[in-house]
Amino acid sequence: TIRALYHESAPELPSDEKAADAAGSSGNSSSIDSSLSSNVSEYVSGMSNAQKLEYVIYIAQQQLGKKYVFGSAGTATFDCSGLTCYIFKAVGVKLERTAYNQGYDDSYEKIEGWQNLKRGDIVFFNTISDSDLSDHAGVYIGEGYFIHASSGAHKVVVSSLASGLYNRVFSWGRRILK
């Protein structure tokens, strides 16, 4: 059922309706506030982890507006974990391929509570009623916002953790680079 719902051939919602994670109720946007954007546009060997995280965010913001396709890991289309794999690969970090495996990868520090997140942490959500709590992933950019490939918005967007759907279904974060 999930594959059918998220497959690129799945029917679109009528133009007068919005999905639960589409713009409006959860504040999705295809743009990023300038105070949250990164201008570290080049990867240089010997960068500090803080600089690498800024580059990760820069790469993520360059994907805004690209189409969501289930099972895709770039460069023109992404699903949620495909996006996180793609952006961290840019700094030499190989992540597990699924949101489930990324979320449960204890080799990275688990961050409880979205208020404890730092820029560049991966965020995980319980968006499907099943036994696991890691169905969706994105990268935290600060001030309660994250970038992710949204099936509801059909593209890579910025969404808020402060209220709405993602606040209700937030599970935890993982700190990839300290």
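Just so you know, these numbers come straight off a predicted model, no measurement behind them.

A closer look at the packing of helix α2 (residues 49–62) against helix α3 (residues 80–89)
Two numbers describe a pair of packed helices, the interaxial angle and the distance between the axes.
Line of reasoning, step 1. Two elements in contact, α2 and α3, have axes whose closest approach is 8 Å; the angle formed by their N-to-C orientations is 130°. If you check the angle between α2 and α3, you find them oblique. Considering the relative orientation of α2 and α3, their crossing is right-handed. Mapping the contact onto sequence places L53, V56, I59 and A60 in α2 and Y86, I87 and F88 in α3.
Line of reasoning, step 2. Classifying every residue of the contact of α2 with α3 by side-chain character gives 7 nonpolar, no polar and no charged.

Some points on the pairing of strand β6 (residues 145–150)
Line of reasoning, step 1. The buried fraction of β6 is high, at 5 of 6 residues.
Line of reasoning, step 2. Of the strand pairs in this sheet, strand β5 (residues 136–142) and β6 are connected by 3 bridges, and their pairing is antiparallel. Each bridged residue has a counterpart across the sheet, and for G142 the counterpart in β6 is Y145.
Line of reasoning, step 3. Strand direction decides the pairing type here: β6 and strand β7 (residues 155–160), joined by 6 bridges, are antiparallel. Among the inter-strand pairings, I147 is bridged to a residue of β7, identified as V158.
Line of reasoning, step 4. Between β6 and β7, which pair antiparallel in sequence order, lie 4 residues; one of them, H154, sits at a positive phi of approximately 65°.

Re the nonpolar core
Line of reasoning, step 1. Among the nonpolar cores identified, the biggest contains 32 residues, and I87, F88, V93, L95, I147 and I176 are the most heavily contacted of them.
Line of reasoning, step 2. Of all the secondary structure elements, the ones that give two or more residues to this core are α2, α3, β4 (122–125), β5, β6 and β7.
Line of reasoning, step 3. Of the residues forming this core, the biggest block, 6 residues, is contributed by α2.
Line of reasoning, step 4. When near neighbours in sequence (up to four residues on either side) are disregarded, I87 contacts V56, I59, A60 and V139.
Line of reasoning, step 5. Core analysis: the next-biggest nonpolar cluster, separate from the first, contains 12 residues, W114, V123, V169 and F170 among them.

Parameters and conventions
- The numbering scheme is per chain: residues are counted from 1 as the chain's sequence reads.
- Restriction of local features to residues with pLDDT of at least 70 applies here, the model being predicted, together with a cutoff of 80 or more for giving and counting side-chain atom pairs; totals for whole chains, interfaces and linings are based on all residues.
- Side-chain measures here rest on the full set of heavy atoms in the structure, leaving out hydrogens and waters.
- The convention used is that axes are lines fitted to C-alpha atoms, helices contributing only their stretch in contact, and that angles between N-to-C directions extend from 0 to 180 degrees.
- Counting from the N terminus, the helices are the DSSP runs of H or I reaching at least four residues and the strands are the DSSP runs of E reaching at least two.
- Relative orientations are named as follows: roughly parallel for angles under 35 degrees, roughly antiparallel for angles over 145 degrees, roughly perpendicular for angles from 65 to 115 degrees, and oblique for any other angle.
- The crossing is said to be left-handed when, going from far helix to near helix, the turn is anticlockwise and less than a right angle, and right-handed when the turn is clockwise.
- Note on contacts: a residue pair qualifies if any of its non-hydrogen atoms lie within 4.5 Å across the two residues.
- Under the grouping applied here, Gly and all other residues not named as nonpolar or charged are polar, the nonpolar ones being Ala, Val, Leu, Ile, Met, Phe, Trp, Tyr, Cys and Pro and the charged ones Asp, Glu, Lys and Arg.
- Here's how the labels work: a residue is buried when its accessible area is under 20% of the maximum for its type, exposed when over 50%, partly exposed in between, all with a 1.4 Å probe on protein chains only.
- Only strands that DSSP links by at least two bridges are regarded as paired with each other.
- Note on terminology: a nonpolar core comprises buried Ala, Val, Leu, Ile, Met, Phe, Trp, Tyr and Cys residues joined through side-chain atoms within 4.5 Å.

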